[in-house]
Amino acid sequence: MTRATFKLLDLPSFADEPLDEMVNYLNKLNYSAVKTKFNKKEQWQAISIRGYSDDISNILKPGVLDSNIQGQGLMYTHLYEQPECAPIKQILWHIPANFERIRIMRLRAGTKISKHTDKVDKEIKNGNIIRIHAPLKTNEKVKMYLWEDKTKIECNLQQGRY
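If you're wondering where the values come from, they're calculated on a predicted model, not measured in any experiment. (Residues numbered from 1 in each chain as written. Predicted model: local features only at pLDDT ≥ 70, side-chain atom pairs only at ≥ 80, totals over all residues. Heavy atoms only, no water.)

(A) Seen up close, the overall build of the protein chain. From N to C terminus, the protein chain includes three helices and six strands. The secondary structure elements of the protein chain, listed N-terminal to C-terminal, are α-β-β-β-α-β-α-β-β. Burial status across the protein chain gives 33% buried among its 162 residues. Put simply, of all contacts in the protein chain between residues at least 6 apart along the chain, 62% involve residues at least 24 apart. (Helix = DSSP H or I, 4+ residues; strand = E, 2+ residues; numbered from the N terminus. Buried < 20%, exposed > 50% of the residue type's maximum accessible area, 1.4 Å probe, protein only. Contact = heavy atoms within 4.5 Å.)

As structure tokens, then:
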């Protein structure tokens, strides 16, 4: 089965000001390093909006990447109801899907994530879940590269678009 790896969703974009206020709030929180061999210097970090714990620092999924966490079932963390995070709820409301994990990720300026696949999760491999990237803060120098077979596709995702 062939599936497109990249599609810009035709959904409303969000103004920079509420996103900037939310990012300022989120940047004051303690993030966890994303568990992958592509993150040796821990420049890629995340917190959880929805996951297998009510702890925002628990970003893992039971049984994926050799995680030893015990899942409590999917649940929203307190960040989902945080007034400063209202734009997240608005973004999610426009996406016609059932959600599994929802994480806020950040990449330290001037760093990169090496070419990799997100297919470590069997649910991604079999097409039951997909990844959606919604940049909350970015700039024109940030590039995302995708591959369709051996063709490299360069994307510059815009803030507030997904």
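Moving on, there is more to tell.
(B) Examining helix α2 (residues 86-93) more closely. Along α2, the positions that sit buried rather than exposed are P87, I88, I91 and L92. All buried residues of α2 project into a common sector of 135° when viewed along the axis, lining one side. (Arc of directions from axis to C-beta.)

(C) Spotlight on unusual backbone geometry. Of note in the backbone geometry, E42 takes a positive phi value of approximately 55° without being a glycine. Following the sequence through the fold, E42 ends up in the loop between β1 (32-33) and β2 (44-51). A residue is classified by how much of its surface remains accessible, and E42, at 45% relative accessible area, is partly exposed.

(D) Representation of the environment of T138. Inspection of the secondary structure puts T138 in the loop between α3 (122-125) and β5 (144-148). Classification of T138 by relative accessible area gives partly exposed; the value is 24%. For the pair T138 and L157, spaced 19 residues apart in the sequence, the C-alpha separation amounts to 7.8 Å. Each residue touching T138, except ones within four places of it in the same chain, is listed here: L157, Q158 and Q159.

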